[in-house]
Structures are given as structure tokens and as C-alpha cells.
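So you can see what is in the structure, the chains are spelled out below.
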Amino acid sequence: MNASVTLLILDLVGVYFFAVSGSLLAARQRFDLVGSLLLASVTGLGGGVVRDLVLNAGPPVAFSQPLYLAPPVLAVVTVYFISASVQRFNRLLVAFDAAGLALFCVSGTLLALAAHAHPVAAALLGVTTAVGGGILRDVIANLTPALFDQREFYAIPAFIGATLTAIAASLGVLHPLTTVPIIVFVFGLRVAGRRLRWGIPLASRSVVE
Amino acid sequence: MNASVTLLILDLVGVYFFAVSGSLLAARQRFDLVGSLLLASVTGLGGGVVRDLVLNAGPPVAFSQPLYLAPPVLAVVTVYFISASVQRFNRLLVAFDAAGLALFCVSGTLLALAAHAHPVAAALLGVTTAVGGGILRDVIANLTPALFDQREFYAIPAFIGATLTAIAASLGVLHPLTTVPIIVFVFGLRVAGRRLRWGIPLASRSVVE
Amino acid sequence: MNASVTLLILDLVGVYFFAVSGSLLAARQRFDLVGSLLLASVTGLGGGVVRDLVLNAGPPVAFSQPLYLAPPVLAVVTVYFISASVQRFNRLLVAFDAAGLALFCVSGTLLALAAHAHPVAAALLGVTTAVGGGILRDVIANLTPALFDQREFYAIPAFIGATLTAIAASLGVLHPLTTVPIIVFVFGLRVAGRRLRWGIPLASRSVVE
């Protein structure tokens, strides 16, 4: 299996995980199936569309490759058959969102490098791909994005994953097997950070009431 | 009257209808005239800007053709002279939004085909053009987009209209007269779906409280 | 110092002022340092990214020139050491936002002209650059954008500044010294309009309750 096929699969799996997180939010907000499909598509494909627009290397893959439409549809079907409490929806949402984040910070960085972006720009686009879909999901559902929730440990894992990917690729040591530990590490960091309530200092040292 | 002039007129009329829906929302939210112009512009032109960015065929028409600035200005003037109750504003908003949706799912698809997009991608871009402006309008006004409101029947009419347009164009049977029944059908479907409260199943079969 | 270096400095200073406004909002909303960096980046760089995507002249500078990453980081550090009341945060936010608006309506217009945009399109892109970052900031923080707040006098100063810049550039009388009075005028107009509660008529002449 060559590198570009591996990358395509990584990216499609990432789209699926994020799309499921979008459909889960749609279910929790009691949207209907059409709203579920739209939120799944925006969440799964939004970050990549922004990345491809910035790369300016032809139309975004979400529009030019019909294969990218399969994961959101599959996500809607998956979530339709889940029957759970609101609390369990939240826990599933975090797990799928974390898996999407882990896959996208790697695949987004690699796709940017493949389009000849500078390693620094590629890592930034990896982070943009990873956090973009989730921000669009939450903004459209009229929530403050999870990224700004102090109880979440969100952008730092994506940043670390994208940076490690860009470094490994620049050193020429990146092949499918190298990406696995990065993906697992990012996923673990995001979930552990949330579980252990890792705190990041507030934006200002002190807000006087 | 040749095909591209007809298409331009269709598109400009669509911009006007959506722009009026933006100005009506601005009036309902008691924004001032400048907010009205901005919301009219974003609603009328936003979907098309996203479509043109994705098509990657030069700067979006909203910026390159000054003619596209006329409908939002006209919309602001139209709404300024409407004096109505909040309830009537809502009813007008739905009517103008439905007309914009009907025109844009046709004109968006045709403009994408004219830029040599694949029929599947063209239909998707038609839907994006049709629902994009309304989503931007509602997100900016800090509301959950109408599309996710269960009482609305929103994205399916746009999807049907864009698909019919792409099929008719691919079969070579599309000329100005063919688009009229599609536009009327989409408008009717949207309005009838709302009036008759056509239900779409929820995103999940069951949410246990 | 040549014209393009002056323009780069104007633009970077604009990014810094807007980024500070983003970090100040993050502090007021009690986001953490990562949320502060993200909101600073989106506010400072968002308007320019939209402008560059519309201009379609290669990847946005925010991604291609690493120098653009410095102002948001600096903004986060600046705000971290500010210790103030919520009310004072609001006053600082307006001041930095007004400074960013004044700089961006000039630099955005000039950058669009440099990319060979038509003067009318250039002025529109200047306004887009100036108001875009602030809208993204407020939408992401789940607030109704300041632009729609009747107590603010927001888009008109940006529009006047961008128009004056496009006219001065078209007449060939624009050099670094000409931009200074425009920037000061826009900043003064925004702050004075707010202080003196300059009213703009509502979007509709009358809303019957």
C-alpha cells in the first residue's frame, strides 16, 4: 500500500470520526436527520475545506472527490441507531472528537506538505484542519466552541501532533508506521487532559470583579 | 436573450430575495441601517462567495462585478419602508428566504457547471450556495440556523432543485424555460413543508432523558 | 523606507491591535491562554485571510509569512499581564478594536490594490479586512458582533477610510504620510461616534409590537 493511499485512508477515517461527533451533537440538540447530515458534513469536511482553500491548489477535495461524501452519510446512519442518554452522548462526542483531532492533525499536516507548503505553514494548516471542523460545528449549533472550554485540553494536543508530524516528515523518517504513535499520543493527551482536568492558566493573570 | 444573461438575472434576483431576508432579520432584531446592509450583503452574497472560492476560478463575482452590490442596497431600502409586526416580519422572512433558496439552488448549480465542475460537485455547490447565505445570516445574528429547526423543511428542497438542475443540464434539456418549473417546485416544497409541518425523523432514534 | 515595507508594518501593527482585542475578550470571558491565542489569531488574521482568499493571489500571508504569527503571540503576552476590572477590559477592547479597524481599512485596501484589484473591489476588501476579524471574534465567542450593536459606530468609519484610501491611491497622492491622517480620522470617528452616541436609523421605520 503506497503512501498516498495510506494518507487518503487516514484522512477519510478522520472525516468519519469528526462527522460522528457532528451527528452526535445534532442528536443531543434534537435536530432532525437533515440537520444531522449537514452538521456531520460541516464538522467532517469543514476543516479540510479551509485547509484546501488556503493551500490554493485546486478545488477542495471535499468537493472534487465524491468519496469524501461517504463518511458523513455513514456517520448519520451510525448515530441514528445509537440510543443513549444525553450524558452518554456527551462522552461519545468527546471520544469521537478526540479521534478526529488526532487523525486530522497528522493527515492535515501531511496533505499540506504534499501540496508543497513550508513545514511551519504545514503544521499550522494541520492544526487548522484539526480544530476547524469542531469550531464550525459548535458555532453553527450556537455553542461556545469546546476549544474555549477550560475543562477541555484541546488545541495543545493538536499542536503537538502537527509539529511532530512536520518534524518527522522533514527528517524523512515518516512512513505509515511512524504516524501511528503520533495519533495514539494525541488522542491519549486529549482524553487524559480532560479526565485529569489539566489546567492551563487563564488569559489574564487577574480579573478584578 | 442568451443563456448567460438569463443566468446572471436569475442569480441577481436570488441575491435580492436573500438580501431582503437578511434585512428583515436585522429589522426584527432592531439592528440599525448599517447592520441591515451588512446582514443583507452577507446573506445575499455569502453563499456565492463560498461557491466561487471552492470553484477557484478567479475572485468571487460579489467582489469582481459591482452589479452584485445593487440588490443588497435595494433590499435595505425595501425593508426600511416596511412597517409591520414582529410576527409578520417572520412570515415575510420565510417567503423571501424560500424564494432565494429556490433561485440559488438553480443558479448556483448552473454557475458551477459553467466553471466546468463535475455534475455531482455542481449540485453540491448549488446546495452550498442556497443554504450558505442563510446559515451565515443566522450564525452572525447569533441564532441557531433555520436549517436545524425541525419546523422548517429547508435543505431537502434545495437538494432536489440542485439535483434536478444538474440532471437537466447533463441531459442537455436545460434552457431558461426549464428552470422555471424547478424554481417554482422548490419554492412550493419549502413553503408547503413548513405549512403542513412535514416531519423528518430525528438524528437519533431515541434520546433517553 | 520603501512603500511595501511601510505597508507591511502598518498591516502587522493592525494585526497586533486586533489580536489584543481578541485576547482581551478571551480574558473577559475567562478563557485560558490557549483560547486567548486562538481568539487573538482569528481576530488579528481572520479578516486578512478572507481578503487573500478573495484576491486569489496565492496562499494568505498569515500562512505564508511566519512574521504574521508574532503579533498574536505578543498580544497574548500583553493581555496576560493586564490586571483590570471587567468594565476596564471593555474600554480597552473598544480602543484596540478601533485602532485595528483604522489600520486595516487602509492596509487592506492598499494590499488589494497591490494585488491589482479594481479600486471599488479594493475598497470593499479593505472594509472586509477591517470588519471581518471582529465579526469572527464575536461569532466564535458566541456574542452578537459589535457591528450590530446600535451603541457602536463601527462600519461607517471603516467604509470612509477604505474609500478615502482607494481615492487617494487612484489619484496617485498616496504615500506613507497621506495614510496617517486617514488612520487618525477613522480611529477618531469610531471613538467619537461611540462616546457621543451617534445614532443611525433602525433597519425598519417601524416595528409594531
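A short tour of the structure in this document, coming up. Small disclaimer: the values here were computed from a predicted structure and weren't measured. (Residues numbered from 1 in each chain as written. Chains lettered and ligands numbered in written order. Predicted model: local features only at pLDDT ≥ 70, side-chain atom pairs only at ≥ 80, totals over all residues. Heavy atoms only, no water.)

## Overview of the nonpolar core
Item 1. If you look at the biggest cluster of nonpolar residues, it comprises 207 residues, and the most contacted ones within it are Leu24 of chain A together with Leu24 of chain B.
Item 2. Discounting chain neighbours no more than four positions away, the residues touching Leu24 of chain B are Val79, Ile82, Phe89, Leu92, Leu93 and Phe96 of chain B. (Core = buried A, V, L, I, M, F, W, Y, C linked by side-chain atoms within 4.5 Å. Buried < 20%, exposed > 50% of the residue type's maximum accessible area, 1.4 Å probe, protein only. Contact = heavy atoms within 4.5 Å.)

## Focus: the environment of Glu152 of chain C
Residue and element names in this part refer to chain C.
Item 1. Among the secondary structure elements, Glu152 is positioned in the loop between α6 (119–140) and α7 (155–170).
Item 2. Judged by relative accessible area, which is 9%, Glu152 ranks as buried.
Item 3. Sequence separation of Glu152 and Trp198 is 46 residues, and the distance between their C-alpha atoms is 8.3 Å.
Item 4. Non-local contacts of Glu152, meaning those with residues more than four positions away in its chain, are made with Ala146, Arg190 and Arg194. (Helix = DSSP H or I, 4+ residues; strand = E, 2+ residues; numbered from the N terminus.)

## Describing the relation of the copies chain B and chain A
Item 1. Under the fitted operation, chain B is carried onto chain A by 0.0 Å of movement along the axis and a turn of 120 degrees, and the coordinates agree to an RMSD of 0.0 Å. With respect to symmetry, the two chain copies, as superposed, fit the operation of a three-fold axis.
Item 2. Residue by residue, only 13% of the interface of chain B is reproduced at the interface of chain A, so the copies engage with different surfaces. (Least-squares fit on C-alpha atoms with pLDDT ≥ 70 in both.)

## Side note on the interface of chain B and chain A
Item 1. Across the contact, 30 residues belong to chain B and 32 residues belong to chain A.
Item 2. In terms of surface lost to chain A, no three residues of chain B exceed Phe148, Ala203 and Arg205 of chain B, which account for 24% of the buried area on that side.
Item 3. Across the contact surface, chain B and chain A share 0 salt bridges.
Item 4. Where chain B packs against chain A, one counts 4 residue pairs in polar contact (both at pLDDT 80 or more).
Item 5. Elements with a minimum of two residues in the side of chain B that touches chain A: α2 (33–55), α6 (119–140), α7 (155–170) and β2 (206–208) of chain B.
Item 6. Counting residues per element, the side of chain B that touches chain A draws most heavily on α6 of chain B, at 7 residues. (Buried area = accessible area lost by both parts, 1.4 Å probe. Salt bridge = Lys/Arg side-chain N within 4 Å of Asp/Glu carboxyl O. Polar contact = N/O pair within 3.5 Å; in protein donor to acceptor, adjacent residues only side chain to side chain.)

## Quick word on the pattern of salt bridges
Item 1. In total, this model carries 12 salt bridges over all chains according to the counting rule given.
Item 2. Taking the shortest distance from any N to any O, the salt bridge between Arg51 of chain C and Asp52 of chain C comes out at 3.0 Å.
Item 3. One salt-bridge network, in which partners are shared between bridges, spans Asp97, Arg137, Asp138 and Arg190 of chain A.

## Some thoughts on the interface of chain C and chain B
A common way to express how large an interface is: the accessible area buried when the components associate.
Item 1. Contacts between the two partners involve 30 residues from chain C and, on the opposite side, 32 residues from chain B.
Item 2. Approximately 2,800 Å² of surface area, both sides summed, lies buried where chain C meets chain B, with 65% of it carried by carbon and sulfur atoms.
Item 3. Applying the counting rule to chain C against chain B returns 0 salt bridges.
Item 4. Here chain C and chain B share 4 residue pairs in polar contact (both at pLDDT 80 or more) between them.
Item 5. For the side of chain C that touches chain B, the secondary-structure elements that each account for two or more residues are α2 (33–55), α6, α7 and β2 (206–208) of chain C.
Item 6. No other element matches the 7 residues that α6 of chain C contributes to the side of chain C that touches chain B.
Item 7. Here the residues of the side of chain C that touches chain B sort into 21 nonpolar, 7 polar and 2 charged. (Nonpolar A, V, L, I, M, F, W, Y, C, P; charged D, E, K, R; others polar.)

## Quick look at the relation of the copies chain C and chain B
One copy of the chain maps onto the other through a rotation about an axis followed by a shift along the same axis.
Item 1. When chain C is fitted to chain B, the best match, at an RMSD of 0.0 Å, comes from turning it 120 degrees and sliding it 0.0 Å along the axis.
Item 2. Little of the interface of chain C is mirrored in chain B, where only 13% of its interface residues are also at the interface.

## As for the packing of aromatic side chains
Item 1. Under the criterion given, the structure shown has 18 aromatic pairs over all chains.
Item 2. Their ring planes at 45 degrees and their centres at 5.6 Å tell us that Phe17 of chain B and Phe96 of chain B sit as a pair that is tilted. One end of the pair, Phe17 of chain B, is in helix α1 (residues 3–28); the other, Phe96 of chain B, is in helix α5 (residues 86–114), with 79 residues separating them in the sequence.
Item 3. Assessed through its relative accessible area of 18%, Phe96 of chain B is described here as buried.
Item 4. Taking 5.1 Å as the distance between ring centres and 80 degrees as the angle between the ring planes, the aromatic pair formed by Tyr80 of chain B and Phe81 of chain B counts as edge-to-face.
Item 5. Grouped by ring-pair contacts, the aromatic residues Tyr16, Phe17 and Phe96 of chain A constitute a single cluster. (Phe/Tyr/Trp six-rings, centres within 6.5 Å; stacked < 30°, edge-to-face > 60°.)

## A word on unusual backbone geometry
Item 1. Positive phi is not limited to glycine here, since Asn142 of chain B has a value of about 65 degrees.
Item 2. Checked against the element boundaries, Asn142 of chain B lands in the loop between α6 and α7.
Item 3. Asn142 of chain B gets classed as partly exposed once you look at its relative accessible area, which sits at 22%.
Item 4. Of note, the phi angle at Arg30 of chain C is positive, near 60 degrees, even though the residue is not glycine.
Item 5. Note that Arg30 of chain C resides in the loop between α1 (3–28) and α2.

In short, geometric facts, not functional conclusions.
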